[in-house]
Amino acid sequence: MAEAYIVDAVRTAGGKRGGKLAGVHPVDMAASVLDAIIARTGIDGAAVDDVIMGCVMQGGQQAGQVGRNAVLAAKNLPDSVPAVSIDRQCGSSQQSMQFAAQAVMSGTQDIVIASGVESMTRVPMGSTMMLHMKEGMGNYKSPRLEEKYPGIMFSQFMGAEMIVKKHGFDRAMLDAFALESHRRAIAATQSGAFDNEIITIEIEGPEGTEQHRSDEGIRYDATLESIGSVKLLQEGGSISAANASQICDGASAVMIVSEAALKEHGLTPLARIVNLTVTGGDPVIMLEEPLFATDKALKRAGLSIDDIGLYEVNEAFAPVPLAWLKHVGGDHAKLNVNGGAIALGHPLGASGTKLMATLVNALKARGGRYGLQTMCEGGGIANVTIIERL
């Protein structure tokens, strides 16, 4: 089978809900990362075979095939470049990468941009479901689904609490992990670790045009006391808004190419795709599936967790990466080394390619060979992508 290579990966800096990216239409935000990755690689945009864009809330300003609209809004891509929009919940743009790599590995395409976008300010989480329900247009839960899962409203919050209890965690452990996420994100920002992956987005501020280049959600004054003072999401639980991922606006993109494209366009690969895995499991506890997907991915790749130099495990809720680390026997020092979604935000459909932008740059900076990325997703699904730095 042919190889697939990552040649560049970019992202916007995260914007808080109602924050600096709130004034940017998600189509234009997505177009900005597409333009940036074309400009940085120096290829002719017409050479791109496809754009695969992850987006979870595909309604309102993200409706009407947001991936295609982003291509049409882009300056560096001609209208001849096709696009498709996909939803695998929080793993949408990680799945974009996997579909892109599969297209390249199959020999059917040579240059594919995997990407993602989510304006959680402009298209709020759950709005595509709730607005239809409010208008009397029904619920996603069909009679047959209700028969199989009677009385269960699938909830990521409840799944997170179930993981806490199953793995013996408590709030103090979750809050300590959350604080570490902020501290690592602060160190990464101040050291310039994000400089190569973040692109500039021009926004209109109170004093005119500004350049947005710094993740807005990082709490530079975070302490265990301030995190611990945040109200729990349910009485008797352990999850709070402070030890869960932040609502975030953002976009990201990864260019994946064939060996032939490397030679034809004079591109330098950052990494080689080693393994692509996606699995499904219990839809009720829901967020635990990355543990078992990682087992399968490592086995298929012929690697052990000790072979992996760095891991990016999405911080949807603090118990998810903690349970993952406990299950695989990993090294905490290799986990989310530049902070995660608790500090940096989780722009749903954009998080997969966002994490890959961080992973490839962190591997390069630290001289690691293999990197592993995984994401918990609604419905009890998980993606795992393993790469080798070149």
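Anything mentioned here points back to the structure above.
Residues numbered from 1 in each chain as written. Predicted model: local features only at pLDDT ≥ 70, side-chain atom pairs only at ≥ 80, totals over all residues. Heavy atoms only, no water.

Turning our attention to the side chain of threonine 294. One can find threonine 294 in helix H10 (residues 289-301). In contact with threonine 294, other than residues within four places in its own chain, are Trp324, Val328, Leu372, Thr374 and Val384. (Helix = DSSP H or I, 4+ residues; strand = E, 2+ residues; numbered from the N terminus. Contact = heavy atoms within 4.5 Å.)

Scanning the model with the defined rule gives 11 salt bridges in all. A salt bridge links arginine 184 to glutamate 180; the nearest nitrogen and oxygen atoms lie 3.1 Å apart. On the criterion of helical spacing, the pair formed by arginine 184 and glutamate 180 is a turn pair, its members being 4 residues apart in helix H7 (residues 171-191). On the basis of relative accessible area, arginine 184 is assigned to the buried category, the value being 18%. The exposure class of glutamate 180 is partly exposed, given its relative accessible area of 24%. Where glutamate 388 meets arginine 272, a salt bridge forms, and the shortest distance between an N and an O atom there is 2.8 Å. Separated by 116 residues along the polypeptide, glutamate 388 in strand S13 (residues 381-389) and arginine 272 in strand S10 (residues 271-280) bring together distant segments of the chain. By relative accessible area, glutamate 388 is classed as buried at 11%. Residues joined by salt bridges that share partners form a network here, namely Glu3, Arg272, Arg369 and Glu388. (Salt bridge = Lys/Arg side-chain N within 4 Å of Asp/Glu carboxyl O. Buried < 20%, exposed > 50% of the residue type's maximum accessible area, 1.4 Å probe, protein only.)

Right, let's talk about the environment of glutamine 373 for a bit. Secondary-structure assignment places glutamine 373 in strand S12 (residues 370-377). Within the structure, the side chain of glutamine 373 is placed 2.9 Å from the backbone oxygen of glycine 352, a separation counted as a polar contact. A distance of 3.1 Å separates the side chain of glutamine 373 from the backbone nitrogen of methionine 356, its partner in a polar contact. (Polar contact = N/O pair within 3.5 Å; in protein donor to acceptor, adjacent residues only side chain to side chain.)

One pair of aromatic rings is described through two measures. These are the centre distance and the angle between the planes. Counted according to the given criterion, the structure contains 3 aromatic pairs. Considering the side-chain rings of tyrosine 149 and phenylalanine 154, the 5.3 Å spacing of their centres and the 70 degrees angle between planes classify their relative orientation as edge-to-face. Note on phenylalanine 157 and phenylalanine 317: the rings are 5.6 Å apart at their centroids and 80 degrees apart in plane angle, and the pair reads as edge-to-face. Taken together, the residues phenylalanine 157 in helix H6 (residues 156-167) and phenylalanine 317 in the loop between strand S11 (308-313) and helix H11 (319-328) connect sequence positions 160 residues apart. Take phenylalanine 317: its relative accessible area is 5%, and that puts it in the buried class. Positioned above the aromatic ring of phenylalanine 194, the side-chain terminus of arginine 11 is 4.8 Å from the ring centre. (Phe/Tyr/Trp six-rings, centres within 6.5 Å; stacked < 30°, edge-to-face > 60°. Lys NZ or Arg CZ within 6 Å of the ring centre and 35° of its normal.)

Another point: the pairing of S10. In the case of a regular strand, side chains alternate between the two sheet surfaces. Within S10, 7 of the 10 residues are buried, leaving the element largely enclosed by the surrounding structure. Examined bridge by bridge, strand S1 (residues 5-12) and S10 share 2 bridges and lie antiparallel to one another. Bridging from a neighbouring strand, tyrosine 5 pairs with arginine 272 of S10. One ladder, built from 9 bridges, connects S10 with S13; its direction is antiparallel. Across the sheet, glycine 280 pairs through a bridge with isoleucine 381, a residue of S13. (Pairing = 2+ DSSP bridges.)

This brings us to the state of the cysteines. A full pass over the atoms with the stated rule returns 0 disulfides. Cysteine 90 takes part in no disulfide bond, and the closest cysteine sulfur, belonging to cysteine 376, lies 6.1 Å away. (Disulfide = S-S within 2.5 Å.)

Here we come to helix H2 (residues 66-73). Along H2, the residues classified as buried are Val66, Gly67, Ala70 and Val71. The buried residues of H2 occupy an angular sector of 145 degrees when projected down its axis, which confines them to one face. Those residues of H2 that are buried are in contact with helix H1 (26-41), strand S3 (50-54), strand S4 (83-86) and strand S5 (111-119). (Arc of directions from axis to C-beta.)

By the secondary structure assignment, aspartate 175 is in helix H7. Given the relative accessible area of 5%, aspartate 175 is considered buried. Dropping the residues within four chain positions of it, aspartate 175 is found in contact with Leu224, Ile227, Gly228 and Asn243.

Among the nonpolar cores identified, the biggest contains 42 residues, and Leu287, Ile308, Tyr311, Phe317, Trp324 and Ile386 are the most heavily contacted of them. Contributions of two or more residues to this core are made by H6, H7, H10, S11, H11, S12 and S13. When residues of this core are assigned to their parent elements, the largest contribution, 6 residues, is made by H11. In contact with tyrosine 311, other than residues within four places in its own chain, are Ile305, Trp324, Leu325, Gly330, Asp331, Lys334, Leu335, Asn336 and Leu372. (Core = buried A, V, L, I, M, F, W, Y, C linked by side-chain atoms within 4.5 Å.)

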